[in-house]
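# Descriptive structure summary
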Amino acid sequence: MAASAFLKSKLNLNTLQCIRVVAQSRTFTSQLSEQQLAMQELARNFTNEHLKPNASKLDLQARFPFEQVKRLTDLGFMGASVDQAYGGLGLDYLSLAVIVEELSQGCASTGMLLSIHNFLYANLVNEKGTEDQKERFLRDFTKGSIGCFALSEPGAGSDVASIQTKARLDGDYWILNGKKSWVTSAIEGSAVAVFATFDPELKHKGLACFLVPLDAEGVFRGKKEPLMGVRAATACDLTLEDVRVPRGNLLGEPGQGFKIAMGQLDQARIGIAAHAVGIAQAALDTAIDYAKEREAFGNRLTRLPSVKDRLSDMCILVESARLLTYRAASHVSTKNSAMAKYVSGRSAAAVADHCVQILGGRGLSTNYPAERHYRDARGTQIYGGVTDIQKRLVGHFLLKEHDAL
């Protein structure tokens, strides 16, 4: 059942509109709204039916989940927060975060690619694009086309102001030249938001953002990068050689690129935090299921104090990360999203490590999901902004709030 039909079966239209307004403006509480619970249920059912049974195979074969993405498109999840006028569901960010969390419990790769498509590409065009840009670069991206985000470069990751990709104005066109790294879903994608500098001496004030079709002349996709985790997702380099981009593809104004990028990264951290929480929950569930059945020293593992302590630690880490993530999705700010990503990434890695330890030798076997959770969790401390930078952001905005810089 499509998400819109599912919601209508739960709520009448007026109630849904009221809930959407309340969900976007309410004071934070850990209680999900009726709308958010409906989305959680729909995503959970999808995960149990279509992701969990296939996650291991997709991971081992490093195979992109085309079928799963098509089903997610039918549900409306590939345009979860996009305005309904352009084919989206018009959901709030917390609903989207809940969806990402549920999907990531079943298949971290699918959860991540949906998160990046929505939080970094679709939301960007929906919120910053002109009407013409939305028609050309958004409407189809709620119907199956995949969008990408190209910010990182071989020599510029966390240091966005050091971007070397050049943009030169030539009449009615911008000419782009440069190389981008780690562009998620670029192999399968249809368009990409590219960040380039039109004046390197201006540093971050010289950046601009362009919407570029991935089949444009001069755009070359590199080989699929072999990854340790989220192996069913793809990432590759993008090389731009004299790519002619119409002026109408410029998102915002020249010089606004840095601000646009930072705003999207605030959103992206929410998506990755939710992704990490989903992986952590999956690892906790795996450990509990195993400990309930395995016996040692005449008792189930759940009766052993050392195992109970590990499970308790795992539960505390998961719930703490979830609360921070929900708060960040309810009140978007750099500090909130940085805290959520910092804690969620570290928690996912710790919980997955506990999971492997509880399973013992089986935790190292690809016949069990523990090792996959362990590999998937590690990346959540890197993509979307490394953990070290998140901690510095928290400190900066904390001191700023107290007028202590």
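Residues numbered from 1 in each chain as written. Predicted model: local features only at pLDDT ≥ 70, side-chain atom pairs only at ≥ 80, totals over all residues. Heavy atoms only, no water.

The number of helices and strands found in the protein chain is 13 helices and 10 strands. A globule of 405 residues ought to have a C-alpha radius of gyration of about 22 Å, and the protein chain, at 21 Å, matches this closely. Across its three principal axes, the protein chain shows a C-alpha extent of roughly 80 × 50 × 50 Å. The buried share of the protein chain, reckoned over its 405 residues, is 53%. A sequence separation of at least 24 residues applies to 72% of the contacts in the protein chain between residues at least 6 apart. Separation of charge centres in the protein chain, based on 47 positive and 43 negative side chains, amounts to 4 Å. (Helix = DSSP H or I, 4+ residues; strand = E, 2+ residues; numbered from the N terminus. Rg over C-alpha atoms; globule rule 2.2 N^0.38 Å. Buried < 20%, exposed > 50% of the residue type's maximum accessible area, 1.4 Å probe, protein only. Contact = heavy atoms within 4.5 Å. Lys, Arg positive; Asp, Glu negative; His and termini not counted. Charge placed at Lys NZ, Arg CZ, Asp CG, Glu CD.)

Membership of the largest hydrophobic core comes to 56 residues, with the highest contact counts inside it found for Leu151, Phe195, Leu301, Met314 and Ile358. Elements represented by at least two residues in this core include exactly helix H7 (108-128), strand E4 (191-197), strand E5 (207-213), helix H9 (257-293), helix H10 (305-330), helix H11 (334-359) and helix H12 (370-379). Take this core: its biggest share by element is 13 residues, from H9. Apart from residues no more than four positions distant in its own chain, Phe195 is found in contact with Phe149, Ala150, Leu151, Glu153, Ile163, Thr165, Lys180, Ala208, Cys209, Gly257, Ile260 and Ala261. Leu89, Leu94, Val98 and Ala340 belong to the second-largest nonpolar core, a separate cluster that totals 38 residues. (Core = buried A, V, L, I, M, F, W, Y, C linked by side-chain atoms within 4.5 Å.)

A separate point is H10. End to end, H10 covers 37 Å across 26 residues, agreeing with the expected 38 Å (1.5 Å per residue, within 8%). Within the span of H10, buried status applies to Val307, Leu311, Met314, Val318, Ala321, Arg322, Thr325, Tyr326, Ala328, Ala329 and Ser330. Of the surrounding secondary structure, the elements contacted by the buried residues of H10 are helix H3 (34-51), helix H6 (93-106), H9 and H11. (Expected span 1.5 Å × (residues − 1).)

Okay, the pairing of strand E7 (residues 235-246) next. The sheet contact formed by strand E3 (residues 173-184) and E7 spans nine bridges and is antiparallel. Note on E7: the bridge partner recorded for Gly178 is Leu240. Inspection of the sheet shows strand E6 (residues 219-221) paired to E7 by three bridges, in the antiparallel sense. The residue bridging Phe220 from the neighbouring strand is Thr239, located in E7. (Pairing = 2+ DSSP bridges.)

Attention now moves to the packing of H11 against helix H13 (residues 387-401). Viewed as axis vectors pointing N to C, H11 and H13 meet at an angle of 145°, and their least axial separation amounts to 8 Å. Taken as a pair, H11 and H13 cross one another with a handedness that is left-handed. From H11, Thr334, Lys335, Ala338, Met339, Lys341, Tyr342 and Arg346 reach across to H13, where they touch Thr387, Gln390, Lys391, Leu393, Val394, Phe397, Leu398 and Glu401. Classifying every residue of the contact of H11 with H13 by side-chain character gives seven nonpolar, three polar and five charged. (Axes fitted to C-alpha atoms, helices over the stretch in contact; angles between N-to-C directions. Left-handed = near helix turned anticlockwise from the far one by under 90°. Nonpolar A, V, L, I, M, F, W, Y, C, P; charged D, E, K, R; others polar.)

This part is about the packing of aromatic side chains. Scanning the entire structure with this criterion turns up six aromatic pairs. Centroid distance Tyr121 to Phe141: 5.0 Å. Interplanar angle 45°. Geometry classified as tilted. On the criterion of sequence distance, the pair formed by Tyr121 in helix H7 and Phe141 in the loop between helix H8 (131-137) and strand E1 (147-150) is long-range, its members being 20 residues apart. Exposure remark for Phe141: the relative accessible area of 4% places this residue in the buried category. Through a chain of ring-to-ring contacts, three or more aromatic side chains come together here, namely Trp174, Phe198 and Phe210. (Phe/Tyr/Trp six-rings, centres within 6.5 Å; stacked < 30°, edge-to-face > 60°.)

Of note, Val230 is a non-glycine position whose phi angle comes to about 35°, a positive value. Following the sequence through the fold, Val230 ends up in the loop between E6 and E7. With phi around 55°, Phe297 is a residue other than glycine that occupies positive phi space. When you line up the elements, Phe297 lands in the loop between strand E9 (295-296) and strand E10 (299-300).

Glancing now at H6. Across its 14 residues, H6 extends 20 Å between first and last C-alpha, which sits within 8% of the 20 Å expected from 1.5 Å per residue. Counting buried residues along H6, 14 of its 14 residues qualify, which places the element largely inside the surrounding structure. Capping the start of H6, Asp92 holds a side-chain oxygen 3.0 Å from the backbone nitrogen of Leu94, two or three residues further along. (Polar contact = N/O pair within 3.5 Å; in protein donor to acceptor, adjacent residues only side chain to side chain.)

Within the secondary structure, Ser109 is located in helix H7. Each residue touching Ser109, except ones within four places of it in the same chain, is listed here: Val230, Arg231, Ala232 and Ala233.

Now for the confidence of the model for the protein chain. Overall, the prediction assigns the protein chain a mean pLDDT of 93, with 93% of residues at 70 or greater. Low pLDDT (under 50) marks residues 18-26, which in the prediction has 16 contacts with non-local residues, meaning those over four places away or in another chain. (pLDDT = per-residue confidence, 0-100.)

Applying the stated criterion across every chain yields a total of zero disulfides. For the unlinked cysteine Cys107, the closest cysteine sulfur is that of Cys355, found at 16 Å. In this structure Cys355 is a free cysteine whose sulfur lies 14 Å from that of Cys315, the closest cysteine sulfur available. On the accessibility criterion, Cys355 (0% relative accessible area) is buried. (Disulfide = S-S within 2.5 Å.)

Okay, the side chain of His50 next. Mapped onto the elements, His50 comes out in helix H3. Looking at His50, the relative accessible area reads 14%, which means it is buried.

Before going further, it helps to examine the pattern of salt bridges. Where charged atoms from two side chains of opposite charge come close, those side chains can pair. Going through the model one piece at a time under the given rule, you end up with 14 salt bridges. In this structure, Glu102 engages Arg44 in a salt bridge whose closest nitrogen and oxygen atoms are separated by 2.8 Å. Pair noted here: Glu102 is in helix H6 and Arg44 is in helix H3, with a separation of 58 residues, a long-range link. Judged by its relative accessible area of 2%, Glu102 is buried. In this structure, Lys70 engages Asp74 in a salt bridge whose closest nitrogen and oxygen atoms are separated by 3.7 Å. Note that Lys70 and Asp74 are positioned in helix H5 (residues 66-75) at a spacing of four residues, about one turn of the helix. (Salt bridge = Lys/Arg side-chain N within 4 Å of Asp/Glu carboxyl O.)

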